[in-house]
Amino acid sequence: MLSTMDFVIFGVGGVLLLIWLFFFVKGLRYAHYFDNLTEKEFPLKEIYFVGYSIMETIRYPYRSKGDRKLRKEVGVLYGEKYADYYIRVVYAQKVTLALTLAILGFCMYGFANDVAVVAIMLVLAGTIFYYFGTATAKKIKKRSDELLRDFSNVVSKLALMTNAGMILREAWEEVAFTGEGTLYEEMQRSVAEMNNGVAEADAFFEFGSRCIIPEIKKFASTVMQGMAKGNRELAAMLQQQSKEVWEQRKQDVRRQGEKAAGKLMIPIVIMFIGVLIMVIVPIFTNLGI
């Protein structure tokens, strides 16, 4: 015999399922919008058109303060040219996955017959909605760390080659294919742009724009200034920046070491308290306290 609670839960779940199916059918025409996305970065991209259809139906304007911040973040990750597309992808992703999880929670209630299951799945759906809305900021942080990891080596190699008399474009291309990682990929992208007819100054400017870190922006600016002053001036400027970068790298390593030492103090203190308890409790027990 179904209780009132059962009717309410099945009713809400049924309505959500009908909504999902309606936008699934309506959104099929948008399915090809997500074909070029990678499965690793955008899991279950095959059904994102459901959330996309919902956002299109309600005519969401993407103009809130959070949306402006998100647009800047996706512009950094994927290029300003594609910012409008990717902000819609992010919304389609989080709406689709959150709604699907919520419906799954109501379906699971039919097997578990426990309201806690629905509550847990709704919380999980909300968490998924929040997570994918903030994932771009985490990607930018990861990208920044990857760029900084190879930055000092790249500047040193460029300084060495230009100081040896190699012109900047040749040195840039040589260095770009000497390693793997985000920074080398961005340098290779600049090489491809120059080979396709983009002016060197424009290619280096775009390189600095894509690499969001202030240090690399300064580096790109230094390269463009050096180009205007000649190869000899450029070599001296790169050598100076190479020294600054290595000094900053040493300071960063020192700060990371201090943070690691601080984190180690927590388990040490916990272990110390545990040892004290193990020693003190038997003593008080023997004393009859």
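See the structure printed just above.
Scoring rules and cut-offs
- Residues numbered from 1 in each chain as written.
- Predicted model: local features only at pLDDT ≥ 70, side-chain atom pairs only at ≥ 80, totals over all residues.
- Heavy atoms only, no water.
- Phe/Tyr/Trp six-rings, centres within 6.5 Å; stacked < 30°, edge-to-face > 60°.
- Helix = DSSP H or I, 4+ residues; strand = E, 2+ residues; numbered from the N terminus.
- Buried < 20%, exposed > 50% of the residue type's maximum accessible area, 1.4 Å probe, protein only.
- Core = buried A, V, L, I, M, F, W, Y, C linked by side-chain atoms within 4.5 Å.
- Contact = heavy atoms within 4.5 Å.
- 1 Å grid on protein atoms, 1.4 Å probe; cavity = no way out; pocket = protein on both sides within 12 Å on 5 of 7 lines; lining within 4 Å.
- Points joined across faces, edges and corners; volume = space filled by probe spheres on them.
- Salt bridge = Lys/Arg side-chain N within 4 Å of Asp/Glu carboxyl O.

A. Spatial organisation of the packing of aromatic side chains. Tallied over the full model, the rule gives 21 aromatic pairs. Measuring from ring centre to ring centre gives 5.4 Å for Tyr33 and Tyr52, while their planes differ by 85°; the resulting arrangement is edge-to-face. With Tyr33 in the loop between helix 1 (4-27) and helix 2 (48-57) and Tyr52 in helix 2, this pair connects stretches of sequence that are 19 residues apart. On the numbers, 5.1 Å between centres and 40° between planes, the contact of Tyr60 with Tyr91 is tilted.

B. Seen up close, unusual backbone geometry. Although it is not a glycine, Leu44 adopts a positive phi angle of roughly 60°. With respect to the helices and strands, the residue Leu44 is situated in the loop between helix 1 and helix 2. Exposure remark for Leu44: the relative accessible area of 48% places this residue in the partly exposed category. You will see that Arg59, though not glycine, has its phi angle at about 55°, which is positive. Relative to the assigned elements, Arg59 resides in the loop between helix 2 and helix 3 (65-78). Accessibility expressed as a relative area gives 72% for Arg59, which makes it exposed.

C. Broad picture of the nonpolar core. In terms of nonpolar packing, the biggest core is built from 35 residues, with Phe34, Leu37, Phe42, Tyr48 and Val74 touching the most fellow members. Broken down by secondary-structure element, the contributors of at least two residues to this core are helix 1, helix 2, helix 3, helix 4 (83-112) and helix 5 (115-163). Apart from the residues lying within four places of it in its own chain, the contact partners of Tyr48 are Phe34, Leu37, Phe42, Pro43, Ala92, Gln93, Thr96 and Leu97. Judged by nonpolar contacts, the second largest core, of 27 residues, contains Leu147, Ala176, Val191 and Ala203.

D. Layout of the layout of surface pockets. Approximately 630 Å³ is the volume attributed to the largest pocket. Mapped onto the lining of the largest pocket, the elements with two or more residues apiece are helix 3, helix 4, helix 5 and helix 7 (182-195). Here the lining of the largest pocket gets nine residues from one element, more than from any other, and that element is helix 5.

E. Local environment of the pattern of salt bridges. What the rule picks out here adds up to six salt bridges. Residues Glu186 and Arg143 are paired through a salt bridge, measuring 2.9 Å at the closest nitrogen-oxygen approach. Residue Glu186 is located in helix 7, and its partner Arg143 is located in helix 5; the two are separated by 43 residues in the primary sequence. Just as Glu186 is buried, Arg143 falls in that class too. Of the charged contacts, one joins Arg149 and Asp150 as a salt bridge, the two residues approaching to 3.7 Å between their closest N and O atoms. A residue is classified by how much of its surface remains accessible, and Asp150, at 11% relative accessible area, is buried.

Honestly, that's just the spatial picture; any functional story needs more than this.
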